[in-house]
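Observations on the three-dimensional arrangement
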Amino acid sequence: MTKQNPGFARRSFVLGGAMIGAATAAAATIRDGELGAQPRSYRGSMPVQEGAADAPPEVRGSNFKFFTAEEREFIEAAVDRLIPPDAVGPGAVEADVPFFLDRQLAGPFGRGDHYYLGGPWKEGAPEQGYQLRFSPAQLYRAAIKAINSHTSVQFNKASFAQLGGSDKDRVLKGLETGDITLDGGVNARAFFAMLLQNTKEGYFSDPIYGGNKDMAAWKMIGFPGAHYDYSEWVERHGERVPYPPVAFKGRPGWREA
Amino acid sequence: MATTLKPVDAVMVGFGWTGAIMSQQLCDAGLNVLGLERGPWRDTPTEFATGFAQDELRYMWRHHLFQNVSDDTLTIRNNLNQEALPMRHLGSFLLGTGVGSGGVHWNGQIWRFLPSDFQTKSHNQERYGKNAVTDYDLTVQDWGVTYDELELHYDAFDKLCGTSGKAGNLRGIIHSGGNPFEGPRSDEYPTPPMKQTYGPTLFGQAAASLGRHPFPHPGGNLSQSYVNPLGCQLGKCTYCGFCEKFGCGNYSKASPQTTVLPYLMRKSNFELRTECEVLRIELTPDKKRATGVTYVNSAGEEFFQPAEMVFLGAYILHNVRLLLLSGIGQPYDPRTGEGLVGKNYAYQTMSSVNVFFDDKIINPFIGAGALATVVDDFNGDNFDHSGLGFIGGAYIAGMVTGGRPIEMMYTPKGTPAWGLEWKHSAAKNYLRSFNLSIHGSSMSSRGNYLDLDPTYRDVFGRPMLRMTFDFNENDFKMSNYLTDRTAEIARAMNPREIKENRRKGSWSVVPYQTTHNTGGAIMGDNPQNSVINKYLQSWDVPNVFSMGAGAFPQNPGYNPTATVAALTYHAAQHIIARYLKAPGPMVHA
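All values reported here derive from a predicted model rather than from experimental measurement. (Residues numbered from 1 in each chain as written. Chains lettered and ligands numbered in written order. Predicted model: local features only at pLDDT ≥ 70, side-chain atom pairs only at ≥ 80, totals over all residues.)

Some thoughts on the interface of chain B and chain A
The interface of chain B with chain A comprises 90 residues on the first partner and 80 residues on the second. Within the residue set of the side of chain B that touches chain A, elements represented by two or more residues are helix H2 (44-47), helix H3 (56-61), strand E5 (85-86), helix H6 (198-209), helix H8 (261-264), strand E11 (270-274) and helix H10 (420-429) of chain B. Across the side of chain B that touches chain A, the residue classes break down as 41 nonpolar, 30 polar and 19 charged. Where strand E2 (residues 40-42) of chain A and E11 of chain B come together, three bridges link them in antiparallel fashion. Residue Tyr 42 of chain A lies in a different strand from E11 of chain B, and its bridge partner there is Leu 272 of chain B. (Contact = placed C-beta atoms within 7 Å. Helix = DSSP H or I, 4+ residues; strand = E, 2+ residues; numbered from the N terminus. Nonpolar A, V, L, I, M, F, W, Y, C, P; charged D, E, K, R; others polar. Pairing = 2+ DSSP bridges.)

A short note on H6 of chain B
An α-helical segment advances 3.6 residues per turn. Residues three or four places apart therefore align on the same side. All names here are of chain B. The end-to-end C-alpha distance of H6, which contains 12 residues, comes to 17 Å, matching closely the 16 Å that a straight helix rising 1.5 Å per residue would cover. The set of residues buried in H6 consists of Tyr 198, Gly 199, Pro 200, Leu 202, Phe 203, Gly 204, Ala 206 and Ala 207. If you follow the buried residues of H6, they end up packed against strand E16 (372-375), strand E17 (394-399), strand E18 (433-440) and helix H11 (473-492). Just past H6, the residue Gly 211 takes up positive phi, approximately 85°. (Expected span 1.5 Å × (residues − 1). Buried ≥ 20, exposed ≤ 12 C-beta atoms within 10 Å, placed from the backbone.)

Things to note about the confidence of the model for chain A
For chain A, per-residue confidence averages 87 on the pLDDT scale, and 85% of positions sit at 70 or higher. Every residue in residues 1-32 of chain A scores below 50 in pLDDT, and together they form 58 contacts with partners more than four places removed in sequence or on other chains. (pLDDT = per-residue confidence, 0-100.)

A word on the sheet that holds strand E4 (residues 74-77) of chain B
Residue and element names in this part refer to chain B. In spatial order, the strands read E5-E4-E20-E19; together these four strands make up an open sheet with mixed pairing. The sheet is open, and its two borders are formed by E5 and strand E19 (449-457), each paired with just one other strand. In terms of strand pairing, E4 meets strand E20 (residues 463-468) through four bridges, oriented parallel. From the neighbouring strand, Leu 74 faces E20, where its bridge partner is Leu 465.

Some remarks on the nonpolar core
All names here are of chain B. Core analysis: the largest hydrophobic core is formed by 226 residues, its most contacted members being Val 11, Val 13, Val 310, Phe 311 and Ile 396. Among the elements that take part in this core, helix H12 (residues 561-579) stands out by supplying 10 residues, more than any other. Excluding anything up to four places from it in sequence, Val 310 contacts Val 11, Val 13, Ile 281, Ala 290, Val 293, Asn 543 and Val 544. (Core = buried A, V, L, I, M, F, W, Y, C linked by C-beta atoms within 7 Å.)

Observations concerning helix H1 (residues 17-28) of chain B
Residues and elements named next belong to chain B. Across its 12 residues, H1 extends 17 Å between first and last C-alpha, which sits within 8% of the 16 Å expected from 1.5 Å per residue. Within H1, 10 of the 12 residues are buried, which leaves it mostly tucked inside the rest of the structure. Residues of H1 that are buried: Trp 17, Thr 18, Gly 19, Ala 20, Ile 21, Met 22, Ser 23, Gln 24, Gln 25 and Leu 26. Taken from the residues just after H1, Gly 30 is the one with a positive phi, measuring 95°.

Some remarks on the pairing of E18 of chain B
Residue and element names in this part refer to chain B. With eight of its eight residues buried, E18 lies for the most part within the structure. Residues Ser 433, Asn 435, Ser 437 and His 439 point to one face of E18 and Phe 434, Leu 436, Ile 438 and Gly 440 to the other, with burial holding for every one of them. Here E17 runs beside E18; their pairing, made up of six bridges, is antiparallel. The residue bridging Tyr 395 from the neighbouring strand is His 439, located in E18.

Next comes the structure, spelled out in structure tokens:
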């Protein structure tokens, strides 16, 4: 390793191990437990590369990419019951949770990038967790279809979205407990658990991912968001921290540039 | 066909805490050391800068820093009568990957085990009778190493991390403000304890009012800036509340990145290769010696890496799997009780009590991974177990590691999980509630073990590891007793209400519990009861060393990392002093 200017330390690496020996300086970086990064060798310094920070993937635009019109109707109707609106705080629809879910399902999460989906597939015990062959996107697609076909039979050809509030709650409860069984290989409890978890994710995650609109869910509970330093507040026991919530992209009220 | 590479003195399989510490020690002794890590490189400014580190969705729920199980996982079941199925999504434990591994996204909770924890079998037998260690099919053992032998190595890890805390037992003298039950420490903690927020403070007052002995949790989130013996500087923690599951952008949490790598990476006799997965350890035909390891990189190229010594540092689950895949040692059979590799897999028996106030603002988002006030009165053998029907215990912690709202939303008993009532409860209780954590021991028992799955295979065609585990009766009794003691403290805080979350039913892979998996490659004083000796050296293949919590014969009621590190330093010291001069078994059976 040659001496380097300490102010300009660069990643030094050799592709494919010492025997390959072909130095390269421009291989795409990959981070995260995602698979597919290039093998590298590091020796002689802390490798730091400019412009490589692994910033979060911001959701852009406002169009839906995953849900069909029918699916979107279902999702809006369902999350509106999971977290309904009132004066206390936003409902999931107001918080843009359906949009959050759409973009999550259109991306790596929807593809099941962190799920093992290989066979053989068996139902297993509840303690063995998720055992379906479906990726999350496939599960949403199949479950929405199966739930609408369930309500069509049970409620005189109505889709889930067309039901009244208490009927919607009854159906959701039936999915949650597994009292309702669905066609198409869909485990109702597994789908409900995923839908509820993802709904709360969209409600409480950083707005950069498309939900938690205006940080209203954070305001409701009093969470200041991606705040960096609370040192001065550690021993101010019992006092309300007066900071309004802040997200990765700042907050309203910051001065325009 | 594997390409044969230039030999090295020592190869590390996996590169988290153990790989980093062992590499640093051996490089300083002049050896050529190679680290092979199956995940990517990671450094603070690139992967978890302060501008975006505090992201609950990405790191906790989308597993951004965790092992991706999509092409390699393990199979799980509760007992021998079940068919094991793949863990298709992380849940109960969050496995690390990449450089630094779990050391990047841990909480930084730094504990020493009690002196009696290293003699679980002999100590409890002597005090409570012969059956105390065999009831409920327990298979607990002594470690073959003592607290006194490890003390200076615990101290070395404290000094590496800059651990914040207050000694309770300094060279045998009990000091107020620390843990009066701990083993004697040769030195004070390098940095003072963290300041305590409201919740832990209330817990400490209530515990003291009941005659317990509260003290600040020791940890690797630093109360002040610190330069460690390797010259690495850590910064003062800002209590941002994003430690476990997250990397620290502030250089305030001890990790291989903050405490070892800046030193190690500059050494010319060290090399680190990432995206390189070791498939197996290669042995001589007589299986008495390892010749090196075969690995495949992410480009699909296969290599044979010759090495004089092979160090397994790939977390316990992968260490045990590599031993089994490489034919080192005899696999454990729970039906006959014969064999040792995979034996005594244990976990941690967690329960908790949530506390809800009307009149107190707790501000749970002001937190840190090891920010807690703790009582250790009911851990290990710190209390008389006579007539209780169990051994072991737990520490009880009034702990506020953060207020991440998706994960840490406590609602009172009977609150539905959704609907207006849930929302109102969340709005009402978020600022006014916190958690008392009960960090219980896990005693090994006959039916809990690791072996190779007969059905499921990874992308390389290797059998996955199969985990057979359930909580045993000893641990349920312990956990219930400890939860009772915790509820007493909770009620002494005069809250509006409390909620007990007792350990009930079979172990489930779904809810997060801890990433404290232990055993399977256990240490001991002879080859009839253990896979490795006190220097982490394989009894069967003496140039193979298995590091990590796989060495634990059972899991005490503390977080494992400091003991994992102390065992690594202890092994390194003896390898350098003795093995390098005369390679071969360091303990003669």
